[in-house]
Amino acid sequence: GPAAGGDAGAAEEQTEFDVVLESAGAKKIAVIKEVRGITGLGLKEAKELVDGAPNTVKEAVSKEEAEEIKNKLEEAGATVELK
């Protein structure tokens, strides 16, 4: 692969990610529950976030945390994208 650092002027490796809920899928209640756990939002706010998908669940998190959140939401049945 390319040497560490790559070419000067190449895009820097992304270190912060936004977790975007694309769709809640069939098990919306499970997804709302996960969103509440991840964001600390109240039920009404979490439900609005999920109902209004696509929506950002969490902004500017590390790749590790973003992957973890994505896995939790996908296990609950959601479609998630990291941006």
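All of these numbers come straight from a predicted model, not from anything done at the bench.

Rules and cut-offs
- Along every chain, residues carry numbers that run from 1 in the direction the sequence is written.
- For a predicted model such as this one, the threshold for reporting local features is a pLDDT of at least 70, and the threshold for listing and counting side-chain atom pairs is 80 or more; totals across whole chains, interfaces and linings nevertheless cover every residue.
- The side-chain values count all of the structure's non-hydrogen atoms but skip hydrogen atoms and water molecules.
- Lines fitted to C-alpha atoms define the axes here, with helix axes fitted over just the stretch in contact, and angles between the N-to-C directions of these axes take values from 0 to 180 degrees.
- Strands here are runs of E lasting at least two residues and helices are runs of H or I lasting at least four, both read from the DSSP assignment and numbered beginning at the N terminus.
- Here the angle decides the label: under 35 degrees means roughly parallel, over 145 means roughly antiparallel, 65 to 115 means roughly perpendicular, and every other value means oblique.
- For any helix crossing, the convention is left-handed if the near helix is rotated counterclockwise from the far helix by under a right angle, and right-handed if that rotation is clockwise.
- Residues are treated as being in contact if the distance between any of their heavy atoms lies within 4.5 Å.
- Classification used: nonpolar for Ala, Val, Leu, Ile, Met, Phe, Trp, Tyr, Cys and Pro, charged for Asp, Glu, Lys and Arg, polar for all others including Gly.
- In predicted models, pLDDT denotes the confidence assigned by the predictor to each residue on a 0 to 100 scale.

**Student:** Would you take a moment to explain the packing of helix α1 (residues 28–39) against helix α3 (residues 63–75) for this structure?
**Tutor:** The description of two packed helices rests on the angle between their axes and on the distance between the axes. Two elements in contact, α1 and α3, have axes separated by 8 Å at closest approach and are oriented at 155 degrees. The angle between α1 and α3 falls in the class roughly antiparallel. In this structure, α1 crosses over α3, and the sense of that crossing is right-handed. Side by side, α1 and α3 meet where V31, E34, V35 and I38 of the first sit next to I69, K72 and L73 of the second. Tallied by class, the residues present in the contact of α1 with α3 amount to 5 nonpolar, no polar and 2 charged.

**Student:** Looking at this structure, how should I read the confidence of the model for the protein?
**Tutor:** The predicted coordinates should not be examined in detail at positions where pLDDT is low. Across the protein, the average pLDDT comes to 90, with 86% of residues at or above 70. Below pLDDT 50 for its whole length, residues 5–9 participates in 0 contacts with residues either more than four positions away or in separate chains.

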